[in-house]
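# Coordinate inspection notes
Chain by chain, the residues:
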2 protein chains.
Amino acid sequence: MTIRIGILGYGNLGRGVECAVRHNPDMEMAAVFTRRDPKNVEILTDDVPVYRVEDAVSMKDAVDVMILCGGSATDLPVQTPELVRLFNVVDSFDTHAKIPEHFDAVDKAARESGHVGLISVGWDPGMFSLNRLYANAVLPGGQDYTFWGKGVSQGHSDAIRRIKGVRDARQYTIPVDAALDAVRRGAAPQLSVRQKHTRECFVVAEDGADLAAIEKEIVTMPNYFADYDTTVHFISGEELERDHKGIPHGGVVIRTGRTGWKDENSHVIEYSLKLDSNPEFTASVIAAYARAAYRLGREGQTGCKTVFDIAPAYLSVLDGEELRRRLL
Amino acid sequence: MTIRIGILGYGNLGRGVECAVRHNPDMEMAAVFTRRDPKNVEILTDDVPVYRVEDAVSMKDAVDVMILCGGSATDLPVQTPELVRLFNVVDSFDTHAKIPEHFDAVDKAARESGHVGLISVGWDPGMFSLNRLYANAVLPGGQDYTFWGKGVSQGHSDAIRRIKGVRDARQYTIPVDAALDAVRRGAAPQLSVRQKHTRECFVVAEDGADLAAIEKEIVTMPNYFADYDTTVHFISGEELERDHKGIPHGGVVIRTGRTGWKDENSHVIEYSLKLDSNPEFTASVIAAYARAAYRLGREGQTGCKTVFDIAPAYLSVLDGEELRRRLL
């Protein structure tokens, strides 16, 4: 059985899902849904239709899993509960503080319609969350650390772009090596925001802009930069295009803890990602969980789920016997 | 509800489980079962009885999960199918090639008796297997690498001890840094056995033993050492006791793979463990899965399971809402 995938929202993430479907032989693209005029949306896969979002209902029986590729701020809080009334869905809702609320809304709609809604799938939340949970269960009473980067933060890049005199910008979040080293040594340090990450900004200014004023506005910006050691580089538009076009990211989840009758032994569990393309990797995680959503749906399960609720075997194209033989 | 844990087999692993139970507030020790004379077995926890293995049946209603701490060569193939007729059980069966056979035997007995048998729990098989599965599902078409060490290999240490003229020995398995670096760079190298690990041996010889002969016998030993670059150090019994008493281990699971329409982006997923005590960490993983076995048993599930079949939430003492709020 081929799993027919629908993509709703065709930006970087939607395109990433399209690429991921191509890498999974048990999946195929059924349709792309967009808020733009479908005539103006060109996708990579041949012979796959592009529809308006409003037409999704008419594809109810042609899509097994609908993947929602909108943003967490305004799109997903509306779209996920709405679409789960028609489809099994997967989203990558990543506003950590609002996950409980989102879960409840999706759960209600999913139970009423008899579908599965898998939320907050990606790498953080997602693979990082899984590793936090596993490591917490194995080492109770330990310390958790999550470092992000080196990678591009879209939100911070946007914040710089809104400053007067800035034409374009790219912001990198970078873990502090000394902090990482201390954590890996099992020193269990207490780390402030400033001690964990630095921020590096590449800014293209408009002609004649006040560079000193821009730099000051960046490094003192509350929430975004004020609590960090921030470096600002002014570069040309050509340099930005040439050296900073990619969307790399990654990070590290570490848990340290002690075992033994008198806590005499120390352990370090570390999970790390080094990603050339943040949206394509996120999309690859989503594709694996789309397989799980499809299978859960066929089992008759309903309601909202997260990565915590899915047994790992559901993600793999291999059956239980092959998994045990090849990967256990 | 407190989960009442039984331990069958009181060596390093059994003692590790006893320590792990102490670190998990929702668990308590019910009893230890031994093949030795219980009068000669002193355990760490006060007021917990030590019984003969044969008496396990009489504790049927006093133990929620029985943890089997015997060896994979001869103990577990017999004990796990036998004990799962009486209890929900967890074992750490680690003979990778014989897992399918063990699974079938445990599954049959577990279904007949209505219990859950969780096999091959630990870090490899166990946490490493999980990371292989997750990474394979996320990056289809990539390359898998598992490195072990730096750590003590019990089997290789034993092999050296059997050589004439050797009084005691400790063998460390060490990953080759250059190989690790190439893998982490995403170079996707093909690595021979020799290119991945080296072996370092600390040997206490008997007085007057032929050291050159011992060294030659070690480094040419088929399967164990012949395919590796092996270093042999002769040390005194006091040095062995002073510097090599611990049982550290660890290792790294890496998967690299590419995404994008033309495979243009590269990704590295890495999971690593650095463990002061191999048996205590294994025991800590087992304790978390004992919680899962208990819950699955209460749900009425039966049969043999592996880490692949258990949704992560089952491992945590936190409920779904707290997990989503704190770890997602």
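Described in the following lines is the structure provided in the data block. Chains are numbered independently. Their residues run from 1 in the order of the written sequence. Here every chain gets a letter starting at A, and every ligand a number starting at 1, in the order they are written. With pLDDT at 70 or above as the cut-off, local features in this predicted model cover only qualifying residues; side-chain atom pairs require 80 or more to be listed or tallied, and sums for whole chains, interfaces and linings still use all residues. The side-chain numbers reported here are obtained from all heavy atoms of the structure, hydrogens and water having been left aside.

### Some details on the interface of chain B and chain A
The criterion, for reference: Contact criterion: two residues are considered in contact whenever any of their non-hydrogen atoms come within 4.5 Å of each other. The rule for a salt bridge is simple: a side-chain nitrogen of Lys or Arg has to be within 4 Å of a carboxyl oxygen of Asp or Glu. Counting of polar contacts relies on pairs of N or O atoms within 3.5 Å, with two restrictions inside protein: one atom must be capable of donating a hydrogen and the other of accepting it, and residues adjacent in sequence are counted only when both atoms are side-chain atoms. The helix count covers DSSP runs of H or I at least four residues long, the strand count covers runs of E at least two residues long, and both are numbered beginning at the N terminus. Residues were grouped as follows: Ala, Val, Leu, Ile, Met, Phe, Trp, Tyr, Cys and Pro as nonpolar; Asp, Glu, Lys and Arg as charged; and all remaining residues, including Gly, as polar. One requirement defines pairing of two strands: DSSP has to find at least two bridges between them.
Taken residue by residue, the interface counts 67 residues in chain B and 67 residues in chain A. Linking chain B to chain A there are 0 salt bridges. On the surface where chain B and chain A come into contact, there are 27 residue pairs in polar contact (both at pLDDT 80 or more). Sorting the residues of the side of chain B that touches chain A by element identifies α1 (12–23), α3 (99–113), α4 (127–138), β12 (249–259), β13 (265–275), α10 (278–298) and α11 (320–326) of chain B as the ones contributing at least two each. The element best represented in the side of chain B that touches chain A is β13 of chain B, accounting for 11 residues. In terms of residue class, the side of chain B that touches chain A is built from 34 nonpolar, 18 polar and 15 charged. Where strand β13 (residues 265–275) of chain A and β13 of chain B come together, 9 bridges link them in antiparallel fashion. When the sheet's bridge partners are listed, isoleucine 269 of chain A is paired in β13 of chain B with leucine 273 of chain B.

### Looking at the relation of the copies chain B and chain A
A rotation about an axis combined with a shift along that same axis relates the two copies of the chain. To keep things clear, this is the line we draw: Least-squares fitting of one copy onto the other uses the C-alpha atoms of those residues that reach a pLDDT of at least 70 in both copies.
Rotating chain B by 180 degrees about the axis while translating it 0.0 Å along that axis superimposes it on chain A, leaving an RMSD of 0.0 Å. With respect to symmetry, the two chain copies, as superposed, fit the operation of a two-fold axis. Closest approach to the rotation axis within chain B is made by the C-alpha atom of alanine 311 of chain B, at a distance of 1.9 Å.

### Let's talk about the sheet that holds strand β10 (residues 197–205) of chain A
Sheet strands pair by backbone hydrogen bonding; their relative direction is either parallel or antiparallel. Residue and element names in this part refer to chain A. Using the following cut-off: Geometry is summarised by axes, namely lines fitted to C-alpha atoms with helices restricted to the contacting stretch, and by angles between N-to-C directions that run from 0 to 180 degrees.
Strand order in the open sheet formed by 4 strands is β8-β9-β10-β11, with mixed pairing between adjacent strands. Every interior strand has two partners, whereas the edge strands, β8 (151–152) and β11 (229–234), have only one. The strands that helix α5 (residues 154–161) touches are β8, β9 (166–175) and β10; relative to β9, the one it contacts most, it runs at about 145 degrees. Of the strands in this sheet, β9, β10 and β11 are in contact with helix α8 (residues 211–219), which crosses β11 at around 150 degrees.

### Things to note about the packing of helix α1 (residues 12–23) of chain A against helix α10 (residues 278–298) of chain A
To characterise two packed helices, one gives the angle between the axes of the helices and the distance between these axes. Residues and elements named next belong to chain A. The test is simple: Geometric relationships in this document are graded by angle, where less than 35 degrees denotes roughly parallel, more than 145 denotes roughly antiparallel, 65 to 115 denotes roughly perpendicular, and other angles denote oblique. Working rule for handedness: look at the near helix, and if it is turned counterclockwise from the far one by less than a right angle, call the crossing left-handed; if clockwise, right-handed.
One can describe the packing of α1 onto α10 by two numbers: an axis separation of 8 Å at closest approach and a directional angle of 55 degrees. One way to sum up the angle between α1 and α10 is to call them oblique. Here α1 runs over α10; the crossing is right-handed. Touching Asn12, Leu13, Gly16, Val17 and Ala20 of α1 are Pro279, Glu280, Thr282, Ala283, Ser284, Ile286 and Ala287, all from α10. Of the residues that constitute the contact of α1 with α10, the class distribution is 7 nonpolar, 4 polar and 1 charged.

### A closer look at the pairing of strand β2 (residues 27–34) of chain A
Residues and elements named next belong to chain A. Rule in force here: For the exposure calls, accessible area comes from a 1.4 Å probe over protein chains only, and a residue counts as buried if that area is under 20% of its type's maximum, exposed if over 50%, partly exposed in between. A crossover gets the label right-handed when its path from the first strand over the helix to the second runs clockwise, viewed with the strands pointing away from the viewer.
With respect to burial, β2 is a largely interior element, 7 of its 8 residues being buried. Examined bridge by bridge, strand β1 (residues 3–8) and β2 share 6 bridges and lie parallel to one another. Within β2, the residue paired with arginine 4 across the bridge is glutamate 28. One crossover worth recording links β1 to the parallel β2 by way of α1, and it is right-handed. Examined bridge by bridge, β2 and strand β3 (residues 50–52) share 3 bridges and lie parallel to one another. Note that in β3 the partner of phenylalanine 33 across the bridge is tyrosine 51.

### Some thoughts on the side chain of aspartate 64 of chain B
Residues and elements named next belong to chain B. Residue placement: aspartate 64 occurs in the loop between β3 (50–52) and β4 (65–68). What makes aspartate 64 buried here is its relative accessible area of 14%. The contacts of aspartate 64, once residues within four sequence positions are left out, are Thr2, Ile3, Arg4, Asn88 and Tyr294.

### Brief notes about the packing of aromatic side chains
Residues and elements named next belong to chain A. Note the threshold: Put simply, two rings from Phe, Tyr or Trp (the six-membered ring, in Trp's case) pair if the centres are within 6.5 Å, and we call them stacked under 30 degrees between planes, edge-to-face over 60, tilted for the rest.
Applying the stated criterion to the full structure yields 9 aromatic pairs over all chains. Taking 6.0 Å as the distance between ring centres and 85 degrees as the angle between the ring planes, the aromatic pair formed by phenylalanine 128 and tyrosine 271 counts as edge-to-face. Of this pair, phenylalanine 128 sits in helix α4 (residues 127–138) while tyrosine 271 is found in strand β13, placing the two residues 143 residues apart along the sequence. Grouped by ring-pair contacts, the aromatic residues Trp123, Phe128 and Tyr271 constitute a single cluster.

### Some thoughts on the sheet that holds strand β7 (residues 143–148) of chain B
Taken together, the 6 strands give an open sheet; going across it, the order is β7(A)-β12(A)-β13(A)-β13(B)-β12(B)-β7(B), and neighbouring strands pair in antiparallel fashion. A single partner strand is all that each edge strand has here, and the edge strands are β7 (143–148) of chain A together with β7 of chain B. The sheet shows a mean angle of 10 degrees between the axes of neighbouring strands, direction not considered. Where strand β12 (residues 249–259) of chain A meets β13 of chain A, 11 bridges bridge the pair, whose relative direction is antiparallel. Pairing of glycine 250 of chain A across the sheet is with lysine 274 of chain A, part of β13 of chain A. Most of the contacts of helix α6 (residues 177–184) of chain A go to β12 of chain A, to which it runs at about 30 degrees, and overall it touches β7, β12 and β13 of chain A together with β13 of chain B.

### Section: α1 of chain A
Residue and element names in this part refer to chain A. This is how the line gets drawn: Expected span, for any helix, means 1.5 Å times one less than how many residues it has.
Taking 1.5 Å per residue, 12 residues should reach 16 Å; α1 reaches 17 Å between its end C-alpha atoms and fits that length. Listed as buried for α1 are Leu13, Gly14, Gly16, Val17, Glu18, Cys19, Ala20 and Val21. For α1, the secondary structure elements touched by its buried residues are β1, β2, β4 (65–68) and α10.

### Details of the packing of helix α2 (residues 75–83) of chain A against helix α3 (residues 99–113) of chain A
Residues and elements named next belong to chain A. Relative orientation of the contacting elements α2 and α3 amounts to 20 degrees, with a least axis distance of 8 Å. Overall, the two elements α2 and α3 adopt an arrangement that is roughly parallel. Both α2 and α3 take part in a crossing whose hand is right-handed. Each of Leu76, Pro77, Thr80 and Pro81 in α2 lies in contact with α3, whose residues at this interface are His102, Ala105, Val106 and Ala109. Class assignment for the residues of the contact of α2 with α3 results in 6 nonpolar, 2 polar and no charged.

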